[in-house]
Structure formats: C-alpha cells, structure tokens
Amino acid sequence: MSTVIGDNDLIYLEGQERFLANIVQSIRLKTNDNPIDLKEIADNIRQLKEEIKDAKPDDLPGLYHQLNLQYSLASKLSQPEPLPDTHSPYFGHMCLLENERKKHIFLGHVSFLDGKNNIRIVDWKKAPISQVFYQYGEGDDYDIDIGDNELEGVVHELSILTIENEKLIRVDRNGQSFVKIKDRWTSLEEENIKLGGGQGSACRDLTFGTGLTNFKGPEVVGLLDHTQYELLNRSFKEPLLIIGGAGSGKTTVALHRIATLCKRKKLMPHDVLVIVPHKGLIHLSEELLKKIGLKRVRIKIGENWIQQQAERLFPGIPRRICLATPLGTSLLKRHLCFLKICQEYINEQIDEIASRLDRLSRDHHLGECFRQYSELSILERIEKIEREIPLTAIQKIKVNEEKNIVFDVLTDLRSILTNRKRLKKACLLSDGVITERMVETTFLHSARQLHAQSDDGHTTLDGQSADDGSAFAIHNTIDLEDHSLLIYLLKLKTNGSRTAKGHIKKYRHMVIDEAQELAPVELMAFKEGLHPQGTFTIAGDAAQQVDESISFSSWEQLLGHLDIKGVSANELTISYRSPQSIVEFAHNCLGDLISGPMPTSPRQGAPVRLNQIQHMAHGSIILFDTLDDLIIREPKASIAIICSKMETARNFYSRLKDLGQVRLVEDADFTFRPGIDVTTVEQIRGLEFDYVIIPDGDHSAYPDTPRARKRLHLAATRAIHQLWVLYAGKVSPIISSFDSRQLSDHE
C-alpha cells in the first residue's frame, strides 16, 4: 500500500529532483570536442615540422619527441569523452560531511565532473570513494584510505535512486521506499495481507498478490551490501568461491565481478566464459551482462560447452545424442568411482604398450625405457622414445602406430562400458551407491549403442524384440555424459587437451554458476578450458543440489576437482529475494539437511499460503479464478506454477491456458515476460518470480527424503513476494513438520 509522506522526506525528494535536473542539463551542455585546444595543438605541430626541416642533427631527437607528444595529445582530445546516459545518469547518492562541509557524490556507470556547478558522478567500479556507499550507512562515521590520503567524516545522507527517462521515479533510503505516482511522492510499503480461507475451503475469494509489481525496483548494483562489494574487488589472481542461500546474490556478484575486472583492464570480455545449467539462466545472464556493457562475454550451458569441445577434439565421435539414457547409467558415469575405473584401465593399457614395445627389441630396451618414464603420460613417453632413442625403420613405424591410437579414446571408453567385470568394480568403489542393477543397465545400454541387433537379426542384446525400433533409436548415439569422459581419458593419456584435430578453447576467467550440480568429471573438463594464468569464480548452494544423477559431497572436494587449493568459501547470508516468511518456510523444509543458521531477509512479507484441494480439477478451478484476478490487478507480474513432474505441469497448463499469457516451459526456455509459466522444479535453478505456486504439495510428490526436501526448498525460494502451496489428500510430511502458526491455512 502507499501512504502520504512527511515534510522532511518531501524536502529531501524534491532536492533530489533538482539535483537530477541540473545534472542532466550539465551533461547535455558538456562539449565533446575541444576546438581551442585542438587548434593550438595543430599550430604547434606545424611549427615543429618547420623547425625539424632546418634543425641540427643534435636537436632532432628532442624535436621529434615534442612532435610525438603533440600527436598523442591531439589523438586523446579528438576522442569523444564518454558521458553518462541522461536517461539514467546515476543510481546512488551520498552526502558526506568532511570538516563540517557537505560533499555531494553520485554513483553511476560513467564518471562525470562539472567543477563549475559542483557536480560529481563517479564510476562505482573504479572510484575508491564508492566503498563509503557500500560499507557505511547513513549517520555512520567513515575512515578510508585513498592513495596517500586518509578521508574521514560522517555519512550525512545516502540513498538508492531509480531514474527512468530523465525522471526520478523511486528513492530507497534508510529502509523506506518512496515512489512518484501521478506527479506525487508517496511512501511505498509492501502490504502484509493475512489471506483468508481455511483448510478444505474452496479458496475462491482469497486475495493473492500485493507484490506491487507495477513499481520499478532500484538498480541491482545499488543494493550490493558490504560483503558483496568486497567480493567484487578481490584480486584477479584470487579464485573465488561464493556460497549462500537462494536469493543471496551469488550470481549477481559473480557477473559483476567480471565487469569490475574488465573495467580495470585485467580481462577482456571475450576472455571470459560463464557456465550455467540451463537456457533460463543464459537469458537472465545475457540480460544482466548487456546492462553493464558486456555483450561479448560467452555464456554456455555446461554440458553443451563440453560437447562442443569433445566434437572439436574427436570429430569422429557420434553426433547423435541419446535421448533415452537410463538414470542408473548417468549416475554411474558421473560418479567419482567411474574415474577410478578409467584410471585403472589406462594403467593396464600402459602395461600392454610396454609389452608390445618389449617385442620390438630383443633386449627389451624400448619397453624398459617406456616403463622408466613413469612420471609421464602415454603420449609423452612415446614422444620421448622417438626423440632420444635411435630406432630402426620397423620400430619407427610400430612406435608411431602406438602414438596414433593414443587419441582413440572413444574405443577406450567403449571397451570400459562393455566389460561387465570392469563395471562391477563400481559397486565396491562407490560404497554401494552404484548397484549391480545399474551396472547391468549400463552394460546393456552401451552394447545397444554399438550394436542394434544380435547375430540372428531379431533380438537386441538385452533379449528384447527389435521390432519396436527402440534399439535402433539409440544405435550409434552417444550419451551427454560421454563427452566429459572422453576429455578425461585424453587427459590421462596425453596430459593435455589437444589432438591433431583441435584443442579446447582456453579462457582467462571462468564463472561456474550452480556448481553444486556438476559431476567431478565435468569440473575437470572445465579446468582444461582455463588458461594457465586464469582464475575461477565459483557460485553455488549445497541446499539447492537436486540432480538425482550426482551426489554433492563438499565444497573442498569440488575445488579439488578444479585443482584449486587454499581457497575458503565466502558465504552470503542475507536473502534479498524472498521475504522472511518464505525464508523460514524454505529453511525448515531442509530438516536434518540444515547446515547453518537461517538466512535473514530485510522484508517480512505475506505468510506462506497453504490450502487443501480435493483433486487436480478442483485445484485448477481455484487457480483459474485467483490468477484471473491477479493478472487484472498486476498485469506486470511474473507467476510460476512449479510442479514436481512434467506430466503434472502439462495437465495444469491444459486447464489454465485459456487465461492467456500462460506458457508451458519444458526446456528452461523462459521468456521472462509478464504472465504465468507452468514448469517443473528441475528448470528453475537460479531464477526468480514475483509469485510462486506449488500445486502438488502432497506426500507423493514430496515424501520425507533428502532429495524431496531440497526440491521443495528450491521451488519455494523462487518467490519474490508470495508463496502458495496446494495439496490434494495428505500434505507432504515436509510441510506438516513446519510450525503451523506460520502458515496462513491454519489462521
């Protein structure tokens, strides 16, 4: 709701409007050329050229030096000076008291100085004085070092400003928000509505909304807190691990760190790769990076980037991706134990190569040399033999043959996957996580990828009929997990990531978002894509690890797979996305998985809504009526209906699509437009919506298991303003264990 504001606040707001008008006018009047200076420089250049014609040899070096200086100065002055965009020239203001004198400083993306009118805009990424804005509050004494100078004083005024089309439309100051509505300033307070309707009620008349989504929010960089700002300014040489709960700003900090490093000339945008888990985060990251002027930063889905690199290195591998990879096979291939099996296979291959080299020389000289170079990879050993040992013509041919098969890692991987005895070692190496059933499934699946039919032409290798075409559907395909395994095997055999066909693209900085969802072998592939002098920024949250094909162990182990040592986690503990009511609900959903204190939020917000429905049809009627009303009241709102299964999402979509602006999202391909997205838990990592509805909060969708707890926590924490949970039959035990006094259903 909005309320009339006091006189002092009104004086402050009107003062900010006057500031803006003066600054916009000053920027417009600022000339980008320097005709007087350039005319004088042109005269100097002509004069120096005349002097050089008649100068003595001893005087020429000095004259040429002066001429070069004049040319450099002319080049500098002829370049247009970058100016702030008058549509939104800055986003923050602080008034500092130093020796009883007021100093007004504005924070923006481009510096601007007009000494005559006492106007000063500083680039928040470069100006040291910016740390006062992020590290101190209004009324605080500050003391900072800038070069050799020590500045101290008092923060007299501090505010975050939202400017659009040269108009000040919002001011956030001291926990209060002021907005301009129809040429009148009012105070904006998020309404904390007690929702009506009890358990088992029809719920048709409940009020859902109040997020006030028609009001533009402040620029995200203005909301950075002390911890986030400090992380942005870490040294380029320092790897960074950022962990924290949902909505704590991990991705924001990681992406803005890129902007800071580029601004300081530590990086160029094309030297950076951002790894995200799905299309939705590509779109979101692209939008954020575009706003801060970094269009050339590459953003890739992790598995897609690895696939591209594998196809560059090994052009002969199948290009068709299998769409029916069994879950057990994915789990086996992504488990750490499979890497140990690969290492064991390569060790056996080393012994076989040594034996073949023994047979090439009667005195076993070549085999012994190969064994002695134990600190080297297979390729390095062979190349060392070629360089340092005189070989006969026959030996050269045979040794070269050994070198050529080093790069045939696809054959190596297939040999491992179609060997039951070797695969069964995974059961022991994984402490029982990998079962014999998973091993058998993987063996049969891999065999079918190689051979569509058995010798009699009628049945597949697993004994099933081939008439339905299922065997042929996966024949000559490759699993997504195989690409990273091929790169890993290449690393084991060559100590590198290059073949005669190509090499992995190297980046000087790599951001890995939602890192908790990545398998060890995938992390190792990303390590191969990092320049030797490059650094990582890693962001993630163990509580949001929901991919059932991996099991996250610890951040220490994850860093080890990236070969990062001596780096501690930087934890963000404030949730800026969700209000405290949702933070508490989501935190308690984790149960025994809770590993730290509950995050805090600066907003309380509406209580979490819980309603029982009779069945899906009943729930659809309730949602239709409520969402129809919400869309009318808040046409700019983003609403997500997050289901546990895609089948459930499709059913709700079919019943709600007549509302208009309803989209079924099946591949995380969100448009981020106002309206309703019907989707599943697996597709919403890293995203946020004004309102979130979980329509299937029953015991079958969310049983009391660690994975179900994480999935429900993930879904709940996507909400910016309000969360509504519906359930048919028996409510999930995860929710029933939550303090019922904090759920509006039982009010």
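Residues numbered from 1 in each chain as written. Predicted model: local features only at pLDDT ≥ 70, side-chain atom pairs only at ≥ 80, totals over all residues. Heavy atoms only, no water.

Draft legend 1. Representation of the overall build of the protein chain within the structure. Looking only at helices and strands, the protein chain features 26 helices and 24 strands. Among the 747 residues that make up the protein chain, the fraction classed as buried is 51%. Restricting the contact set of the protein chain to residue pairs at least 6 apart, pairs at least 24 apart contribute 72%. On the protein chain, roughly 35500 Å² of surface is accessible, and the fraction owed to carbon and sulfur atoms is 49%. (Helix = DSSP H or I, 4+ residues; strand = E, 2+ residues; numbered from the N terminus. Buried < 20%, exposed > 50% of the residue type's maximum accessible area, 1.4 Å probe, protein only. Contact = heavy atoms within 4.5 Å. Areas by Shrake-Rupley, 256 points an atom, 1.4 Å probe, with all protein chains shown as cover.)

Draft legend 2. Structural context of the packing of helix α23 (residues 616-633) against helix α24 (residues 646-656). Between α23 and α24, whose axes approach to 10 Å, the crossing angle comes to 55°. In this view, α23 runs oblique relative to α24, as classed from their interaxial angle. Viewed along their axes, α23 and α24 form a crossing whose handedness is right-handed. Along its contact with α23, which presents Met616, Ala617, Gly619, Ser620, Leu623, Phe624 and Leu627, the element α24 presents Thr648, Asn651, Phe652, Arg655 and Leu656. Tallied by class, the residues present in the contact of α23 with α24 amount to 7 nonpolar, 4 polar and 1 charged. (Axes fitted to C-alpha atoms, helices over the stretch in contact; angles between N-to-C directions. Parallel < 35°, antiparallel > 145°, perpendicular 65-115°, else oblique. Left-handed = near helix turned anticlockwise from the far one by under 90°. Nonpolar A, V, L, I, M, F, W, Y, C, P; charged D, E, K, R; others polar.)

Draft legend 3. Quick look at the environment of Gly147. Relative to the helices and strands, Gly147 resides in the loop between β6 (141-146) and β7 (149-164). With 19 residues separating them along the chain, Gly147 and Pro128 place their C-alpha atoms 9.0 Å apart.

Draft legend 4. Seen up close, empty space enclosed by the protein. Under the defined criterion, the tally for this structure stands at 1 cavity of 30 Å³ or more. Approximately 120 Å³ is the volume found for the largest cavity. Lining of the largest cavity is provided by Pro318, Leu410, Leu413, Arg414, Leu417, Thr418, Ser446, Gln449, Leu450, Thr477, Ile478 and Asp482. Contributing elements (two or more residues each) for the lining of the largest cavity: α14 (409-417) and α17 (436-450). The greatest single-element share of the lining of the largest cavity, amounting to 4 residues, is contributed by α14. Residues belonging to the lining of the largest cavity are distributed by class as follows: 6 nonpolar, 4 polar and 2 charged. (1 Å grid on protein atoms, 1.4 Å probe; cavity = no way out; pocket = protein on both sides within 12 Å on 5 of 7 lines; lining within 4 Å. Points joined across faces, edges and corners; volume = space filled by probe spheres on them.)

Draft legend 5. Representation of the pairing of strand β5 (residues 119-123) within the structure. Counting buried positions along β5 yields 4 of 5 residues, so the element is predominantly enclosed. Summarising the sheet, strand β4 (residues 112-114) and β5 pair through 3 bridges and their orientation is antiparallel. Bridging across to β5, Asp114 finds its partner in Ile119. As consecutive antiparallel partners, β4 and β5 are separated by 4 residues, and within that stretch Asn118 has a phi angle of approximately 55°, a positive value. (Pairing = 2+ DSSP bridges.)

Draft legend 6. Broad picture of the pairing of strand β18 (residues 569-572). The alternating pattern of β18 places Asn570 and Leu572 on a buried face and Ala569 and Glu571 on a face that is not buried. One ladder, built from 4 bridges, connects strand β11 (residues 240-244) with β18; its direction is parallel. Residue Ile243 lies in a different strand from β18, and its bridge partner there is Glu571.

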